[in-house]
Amino acid sequence: MDIPQHQSEKAARFLRLLGFWRQDRGNRALILDLARAGIEARQTMQVAEALSDYLSHEPADREAQFMLGTIWLMEKQYERAESQFDALLHTCEGAQPHQAIIYNLAYASSGRGKYSEACATLGRLTDSQWSENNEAHLLYARSAHHLERFDEGKKHYLAYLGRSPENSDAWGELALLYFDNDDTELSRAAAQRALTLNGDTVSALIAEGSIALEQQDGPAAWSQFSRAVQLQPINGRAWSGLGFAYFLLFDFGKANESFARAVQHMPQHIGTWHGLGWVQILQNDLDGAKRSFEEALALDRTFGETHGGLAVVAVMSGKGVAAQPMVRRGLGLNPQSFSAQFAQSLLLKAEGNTTQAQKLVNSILGQGDGGLVGFQRLIAQVVRKASAHERGNSAPAD
């Protein structure tokens with residue numbers, strides 16, 4: 001591949017400066033020029049090596065410290081960047097740190113998934129510094145969203161968009177925040193604003209797909225999520241949504257594939273493990289379903305639907321005795337647990353109490369979804385339809 005001339009010229013300038021610096025390693029102006037040239041030439045690791053060498057002799061040089069931290073951010077070595085900027089922050093000795101130090105430290109913490117620390121660090125910005133760095137509002141909003149601090153997130157998204165109204169990604173992220181905070185109308189409006197600016201805004205496509213799932217509109221959800229995964233194949237939330245869309249459409253093979261892709265990129269999401277587990281149950285892959293629910297259990301042992309899902313697998317595997325405490329645990333955590341009640345009906349049937357089992361099944365199939373939210377509702381609806389279809393096929397002829 002040919003290297004663009006401007007890039008080769010930058011690389012040549014960096015190499016010249018590197019040669020000069022090797023002959024004069026204590027020259028401060030030279031090391032800083034070398035660092036800037038190396039960043040432009042994308043020779044970041046050589047710059048990091050040179051800066052580290054210089055700082056071993058001049059550890060108090062704050063500008064060199066800042067540039068080294070910036071290199072670690074560019075390389076996504078967030079732990080090193082966090083350590084570098086935290087140390088730099090502590091050299092301010094009571095004075096207000098520069099907004100770039102605060103922002104970069106928060107960015108590094110966010111990159112490590114330390115969202116609470118990121119918000120706390122950004123909280124050190126003064127009013128004038130917030131005005132100076134609008135990106136700080138966006139970073140705070142994203143971190144607050146991760147923490148489900150929705151009011152804070154909304155405030156900072158709107159502050160950011162007040163000055164950067166053409167950023168379609170920020171509008172799409174705001175749409176997701178509204179959706180996650182159960183405000184469908186505002187979510188739809190923000191998503192439409194994003195898609196008007198850029199029809200391929202992934203976060204907005206996910207928001208619209210999620211709204212379609214909530215309305216149990218499988219084709220509309222499939223349309224949005226399938227486009228999202230084309231645009232961003234590593235987006236776990238998009239793959240999970242596509243899995244639930246296929247689930248609603250009763251295409252369990254494609255649902256399985258989509259959920260499997262989702263948990264590769266988003267292994268901490270309990271709902272996706274549940275979706276995968278129920279698809280595997282409906283495909284009669286009980287070993288796979290057991291593994292999926294166990295992954296969910298490892299993430300949170302206090303979620304009743306997970307214990308109920310494991311109970312369903314146990315009963316269907318002929319392990320009714322083992323299923324009983326799972327059912328009790330599931331119902332104890334959530335008396336409205338769909339999966340625990342479903343397992344209970346299977347237990348009654350296995351014990352020969354067909355009449356009582358049928359009454360419970362009818363109750364489960366006909367009950368509302370007041371005790372269920374989000375993905376639980378979707379799973380319950382699909383399993384109900386599948387069960388009703390199975391009962392219809394097995395009914396005796398007149």
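Model, not experiment: these values are computed from the prediction.

A. Summary view of the overall build of the protein. Looking only at helices and strands, the protein features 23 helices and 0 strands. Here the C-alpha atoms of the protein give a radius of gyration of 27 Å, more than 25% beyond the 21 Å that 2.2 N^0.38 yields for 398 residues. Every one of the 398 residues in the protein was classed for burial, and the buried ones make up 49%. Within the protein, contacts between residues at least 6 apart in sequence are counted, and of these 52% link residues at least 24 apart. Just so you have it, the protein exposes about 19700 Å², and 49% of that area is on carbon and sulfur atoms.

B. Expanded view of the side chain of S168. By the element assignment, S168 lies in helix α11 (residues 168-180). At 3.2 Å, the side chain of S168 forms a polar contact with the side chain of T201. What S168 contacts, discounting residues up to four positions off in sequence, is A194, L197, N198 and T201.

C. Quick look at helix α19 (residues 304-316). Between its first and last C-alpha atoms α19 spans 19 Å; for 13 residues at 1.5 Å apiece the expected length is 18 Å, and the two agree. Judged by how many residues are buried, α19 sits mostly within the fold: 12 of 13 residues are covered. When α19 is considered as a whole, its buried residues turn out to be G304, E305, T306, H307, G308, G309, L310, A311, V312, V313, A314 and V315. Of the residues one or two after α19, G318 is the one with positive phi, at around 80°.

D. Main features of the environment of V229. The residue V229 is located in helix α14 (residues 218-231) in this model. Counting along the chain gives 133 residues from V229 to Q96, while the straight-line C-alpha distance between them is 44 Å. Aside from chain neighbours lying at most four places away, what touches V229 is A238, W239 and L242.

E. Molecular detail of the pattern of salt bridges. This model, assessed by the stated rule, comprises 13 salt bridges. Among the ionic pairs, E82 bridges to K114, the shortest N-O distance being 3.1 Å. A residue pair is termed long-range when its members are at least 10 positions apart, and E82 in helix α5 (residues 78-89) and K114 in the loop between α6 (99-111) and α7 (115-122) qualify at 32 residues. On the accessibility criterion, E82 (9% relative accessible area) is buried. Using a relative accessible area of 26% as the deciding quantity, one classes K114 as partly exposed. For the salt bridge of R149 with E152, the shortest nitrogen-to-oxygen distance reads 2.9 Å. Residue R149 is classed as partly exposed on the basis of its relative accessible area of 29%. With a relative accessible area of 29%, E152 lands in the partly exposed category. One continuous salt-bridge network, built from bridges that share partners, spans R28, D33, R36, D61 and E63.

F. Expanded view of the environment of Q65. Relative to the helices and strands, Q65 is located in helix α4 (residues 62-74). Looking at Q65, the relative accessible area reads 8%, which means it is buried. Taking the C-alpha atoms as reference, Q65 lies 11 Å from S83; in sequence the two are 18 residues apart. The residues touching Q65, leaving out its near neighbours within four places in the chain, are L55, P59, A60, Q84, L88 and T91.

G. Fine view of the nonpolar core. Among the nonpolar cores identified, the biggest contains 73 residues, and L174, I206, L213, F247, W278, I281 and F338 are the most heavily contacted of them. No other element matches the 8 residues that helix α15 (residues 236-248) contributes to this core. Residues contacting I206, with those up to four places away along its chain left out, are L176, F225, A228, N235, R237 and A238. Residues A48, L73, L89 and L105 belong to the second largest nonpolar core, which totals 43 residues.

H. Layout of the side chain of E173. Along the chain, the position of E173 falls in helix α11. Side-chain polar atoms of E173 contact the side chain of R142, separated by 2.8 Å. Beyond its immediate stretch of four places on either side in the chain, E173 contacts L138, R142, H145, Y157 and S203.

I. Unusual backbone geometry, seen in detail. In the Ramachandran plot, K76 falls in the positive-phi region, its phi being about 60° despite a non-glycine side chain. With respect to the helices, strands and loops of the structure, K76 is situated in the loop between α4 and α5.

J. Representation of the packing of aromatic side chains in the model. With the rule as written, the count across this model stands at 12 aromatic pairs. For the pair F66 and F85, a centre-to-centre distance of 5.5 Å together with 75° between the ring planes defines the contact as edge-to-face. In this pair, F66 sits in helix α4 while F85 sits in helix α5, placing the two residues 19 residues apart along the sequence. F66 sits in the partly exposed class, given a relative accessible area of 25%. Residue F85 is classed as buried on the basis of its relative accessible area, which comes to 0%. In textbook terms, an aromatic cluster arises when at least three aromatic residues are bridged by ring pairs, as seen for F244, F247, F250, F252 and F259. Positioned above the aromatic ring of W72, the side-chain terminus of R80 is 4.4 Å from the ring centre.

K. Quick look at the packing of α15 against helix α16 (residues 252-265). Two elements in contact, α15 and α16, have axes separated by 7 Å at closest approach and are oriented at 160°. The angle between the axes of α15 and α16 places the two elements in the roughly antiparallel class. Considering the relative orientation of α15 and α16, their crossing is left-handed. Here G236, W239, S240, L242, G243, F244, Y246 and F247 of α15 lie close against α16, whose contacting residues are F252, K254, A255, S258, F259, R261, A262 and H265. Tallied by class, residues from the contact of α15 with α16 come to 9 nonpolar, 5 polar and 2 charged.

Rules used in this analysis
- Residues numbered from 1 in each chain as written.
- Predicted model: local features only at pLDDT ≥ 70, side-chain atom pairs only at ≥ 80, totals over all residues.
- Heavy atoms only, no water.
- Helix = DSSP H or I, 4+ residues; strand = E, 2+ residues; numbered from the N terminus.
- Rg over C-alpha atoms; globule rule 2.2 N^0.38 Å.
- Buried < 20%, exposed > 50% of the residue type's maximum accessible area, 1.4 Å probe, protein only.
- Contact = heavy atoms within 4.5 Å.
- Areas by Shrake-Rupley, 256 points an atom, 1.4 Å probe, with all protein chains shown as cover.
- Polar contact = N/O pair within 3.5 Å; in protein donor to acceptor, adjacent residues only side chain to side chain.
- Expected span 1.5 Å × (residues − 1).
- Salt bridge = Lys/Arg side-chain N within 4 Å of Asp/Glu carboxyl O.
- Core = buried A, V, L, I, M, F, W, Y, C linked by side-chain atoms within 4.5 Å.
- Phe/Tyr/Trp six-rings, centres within 6.5 Å; stacked < 30°, edge-to-face > 60°.
- Lys NZ or Arg CZ within 6 Å of the ring centre and 35° of its normal.
- Axes fitted to C-alpha atoms, helices over the stretch in contact; angles between N-to-C directions.
- Parallel < 35°, antiparallel > 145°, perpendicular 65-115°, else oblique.
- Left-handed = near helix turned anticlockwise from the far one by under 90°.
- Nonpolar A, V, L, I, M, F, W, Y, C, P; charged D, E, K, R; others polar.

Nothing here speaks to function; it is geometry throughout.
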